Amino acid sequence: MNNYLLKLKPRTAVLLSIMTIFILGGTMIKLGWVPQISILLVIITLLLFGLANKIPFKSMQEGMAKGLMSGIGAIYLFFFIGLLVSALMMSGAIPTLMYYGLSLISPEFFYISAFALSSVVGVALGSSLTTTATLGVAFIGMAGAFGANPAIVAGAVVSGAFFGDKTSPLSDTTTIAASVVGIDMFAHIRNMMYTTIPAWIITTALLWFFTEPADAQDFANIETLKTNLQATGLVHGYALLPFVTLILMAMKRVNSIYIIVTTVALSLIITYTHSSPSLEQLGNYFFTGYKPAENLNLGDVASLVSRGGINSMFFTITIVVLALSLGGLLQALGVLPALLSGISGFLTSTGRVTLTVASTAVGINVLIGEQYLSLLLSGNTFRSTYERLGLAPKNLARTLEDAGTVINPLVPWSVCGVFISSVLNIPVLDYLPYAFFCYTCLILTLIFGFTGITISKKAN
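Computed from a predicted model, the values in this text were never measured in an experiment. (Residues numbered from 1 in each chain as written. Predicted model: local features only at pLDDT ≥ 70, side-chain atom pairs only at ≥ 80, totals over all residues. Heavy atoms only, no water.)

1. Some remarks on the packing of aromatic side chains
Link 1 in the chain: The final tally for this structure, using the stated rule, is 15 aromatic pairs.
Link 2 in the chain: Aromatic pair Tyr434 and Phe436: ring centres 6.3 Å apart, planes at 90 degrees, arrangement edge-to-face. Of the two residues examined, Tyr434 and Phe436, each falls in the buried class.
Link 3 in the chain: Here the aromatic residues Phe209, Phe210, Tyr434, Phe436 and Tyr439 are joined through ring pairs into a cluster of three or more.
Link 4 in the chain: Sitting over the face of the ring of Tyr99, Lys226 holds its NZ or CZ atom 5.4 Å from the ring centroid. (Phe/Tyr/Trp six-rings, centres within 6.5 Å; stacked < 30°, edge-to-face > 60°. Buried < 20%, exposed > 50% of the residue type's maximum accessible area, 1.4 Å probe, protein only. Lys NZ or Arg CZ within 6 Å of the ring centre and 35° of its normal.)

2. What about the confidence of the model for the protein chain?
Link 1 in the chain: Averaged over every residue, the pLDDT of the protein chain is 84; residues scoring 70 or more account for 94%.
Link 2 in the chain: Mean pLDDT across the elements of the protein chain bottoms out in helix 11 (residues 216-231) (72) and peaks in helix 23 (residues 436-451) (95). (pLDDT = per-residue confidence, 0-100. Helix = DSSP H or I, 4+ residues; strand = E, 2+ residues; numbered from the N terminus.)

3. A short note on unusual backbone geometry
Link 1 in the chain: One non-glycine residue, Lys54, adopts positive backbone phi at about 60 degrees.
Link 2 in the chain: Looking at the element boundaries, Lys54 is found in the loop between helix 2 (35-52) and helix 3 (57-69).
Link 3 in the chain: You can call Lys54 exposed: its relative accessible area is 75%.

4. Examining the nonpolar core
Link 1 in the chain: Counting residues in hydrophobic clusters, the biggest one holds 90 residues, and the most contacted among them are Phe110, Phe139, Val153 and Phe419.
Link 2 in the chain: Excluding anything up to four places from it in sequence, Val153 contacts Phe110, Tyr111, Phe139, Ile140, Ala143 and Ala148.
Link 3 in the chain: With 33 residues, the next largest nonpolar core counts Leu47, Met64, Leu336 and Val411 among its residues. (Core = buried A, V, L, I, M, F, W, Y, C linked by side-chain atoms within 4.5 Å. Contact = heavy atoms within 4.5 Å.)

5. A closer look at the environment of Val42
Link 1 in the chain: Along the polypeptide, Val42 turns up in helix 2.
Link 2 in the chain: Classification of Val42 as buried rests on a relative accessible area of 0%.
Link 3 in the chain: Placed 306 residues apart in sequence, Val42 and Thr348 show a C-alpha to C-alpha distance of 34 Å.
Link 4 in the chain: Setting aside chain neighbours within four positions, we find Val42 in contact with Thr20, Ile23, Leu24 and Leu326.

6. Brief notes about the environment of Asp184
Link 1 in the chain: Positionally, Asp184 belongs in the loop between helix 9 (172-181) and helix 10 (185-210).
Link 2 in the chain: With relative accessibility at 46%, the residue Asp184 sits in the partly exposed group.
Link 3 in the chain: Once the C-alpha coordinates of Asp184 and Lys394 are considered, the two residues, 210 residues apart in sequence, prove to be 8.9 Å apart.

7. Quick word on the packing of helix 12 (residues 241-251) against helix 13 (residues 256-274)
Link 1 in the chain: At their nearest, the axes of helix 12 and helix 13 sit 9 Å apart, and the two run at 160 degrees to each other. One finds that helix 12 runs roughly antiparallel with respect to helix 13. In terms of crossing hand, the pair formed by helix 12 and helix 13 is right-handed. Where helix 12 abuts helix 13, its residues Leu241, Pro242, Thr245, Leu246, Met249 and Ala250 lie against Tyr258, Ile259, Thr262, Thr263, Leu266, Ser267 and Ile270.
Link 2 in the chain: In terms of residue class, the contact of helix 12 with helix 13 is made up of nine nonpolar, four polar and no charged. (Axes fitted to C-alpha atoms, helices over the stretch in contact; angles between N-to-C directions. Parallel < 35°, antiparallel > 145°, perpendicular 65-115°, else oblique. Left-handed = near helix turned anticlockwise from the far one by under 90°. Nonpolar A, V, L, I, M, F, W, Y, C, P; charged D, E, K, R; others polar.)

8. Observations regarding the state of the cysteines
Link 1 in the chain: The full count for this structure, using the stated rule, is zero disulfides.
Link 2 in the chain: This cysteine, Cys438, is not joined by any disulfide, and Cys441 carries the nearest cysteine sulfur, 7.2 Å off.
Link 3 in the chain: Residue classification places Cys438 among the buried positions, given a relative accessible area of 0%. (Disulfide = S-S within 2.5 Å.)

9. Comments concerning helix 10
Link 1 in the chain: Given a rise of 1.5 Å per residue, 26 residues ought to cover 38 Å, and the 35 Å separating the end C-alpha atoms of helix 10 matches this to within 8%.
Link 2 in the chain: Its maximal kink placed at Met193, helix 10 deviates by approximately 50 degrees.
Link 3 in the chain: Residues Met185, His188, Ile189, Asn191, Met192, Thr195, Thr196, Ala199, Thr203, Thr204 and Leu207 constitute the buried set of helix 10. (Expected span 1.5 Å × (residues − 1). Bend = angle between axes of the 7 residues up to and from the residue.)

10. Remarks on the side chain of Thr132
Link 1 in the chain: Examined against the element boundaries, Thr132 turns out to sit in helix 7 (residues 128-143).
Link 2 in the chain: At a separation of 2.7 Å, a polar atom in the side chain of Thr132 contacts the main-chain carbonyl oxygen of Ser128.
Link 3 in the chain: Not counting the four nearest positions on each side in its chain, Thr132 is found in contact with Val137, Val157, Ala161, Ile420, Val423 and Leu424. (Polar contact = N/O pair within 3.5 Å; in protein donor to acceptor, adjacent residues only side chain to side chain.)

Okay, here's the thing in structure tokens:
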């Protein structure tokens, strides 16, 4: 029995997909609508389509609920990340990281430093979102002092964070991509190096190209920012202990929620070593975000350290809820199954199947905005095709990561895109041109697919 409500023709599914992309892209990019309104408009249109085809509303609602449940773990995580950022701010972890970063990183290497350090931390944590919410916030805070373009900084951080998300053995997406095609995770990571390492090098070269020579004003800004950071009373060497704890626990593969709770608890202990917020203040910090005392003359630093809180996650959470519901509705109405069945006759060569898998993963990211579904649906659908063509399944796993994992942050209404733009306060369309690593991986996997370079045959 099919798990969808309509058996659509591929042509109808294509038209509905084009309509979905047109509404999302047109209203958000052209009209400047917030994503929630755009997604709701698509959902209403699809519901009307379902009703016109005599599908009970309850059945469609159940499909949306099923889609939502597929990402409920991420929604819970966002609440905890809101607490985490507040705790790292009030304890001084992020301000201290910014302070030492300003001392150690030169303007000439700022973009490359943002990319390289985000890559290292991303691999250590295995989480692009946590890397962005911690190290990314710090680098965005430094951007003004270094005279750097915040959009390029965001692109560098996103590139590094998703390098880690793609290659870390601690990453959920790495585990999913390997498991969905039935291969060893470390064999999968080794095979990804063929596209990942060249993409990393190309990204470094492009960020070097965009680096501008530093001038005296940049160095003056750095000293002013360092002085104001010290004036917050948050800069202490021991304040970096929560970061160390976070990384060590991640390396031990502890559950993300437990890592965050432990890090928050340690941050609270450190907070009370240099300040004494009341329980009322503490509750406000965790809900609305940390804010320094108003009587301090901190200049731009005041806005830099006023971050975090559950309230800051609400915008992201509402979009994620709607996007996952949209994905469930597209699945329930048979749009996604019809699209996938309509291209089966095209899959006759390595190049074609690579293009199809990549297009499907990208398309699911655009249609649904959900990273995990792009891996799971594409992997399960095309695994048998790779077997038929005599191709090793690790080729499929690599393509899933190159076109699924790293593309999600480039979609304005996706789970990762919305989260990152909210945390860094940089719109997706602003940092998209500079997230070089993300689309370089996609380009390389397509080139290798059509040329046959690094493509492995299935062992007999």
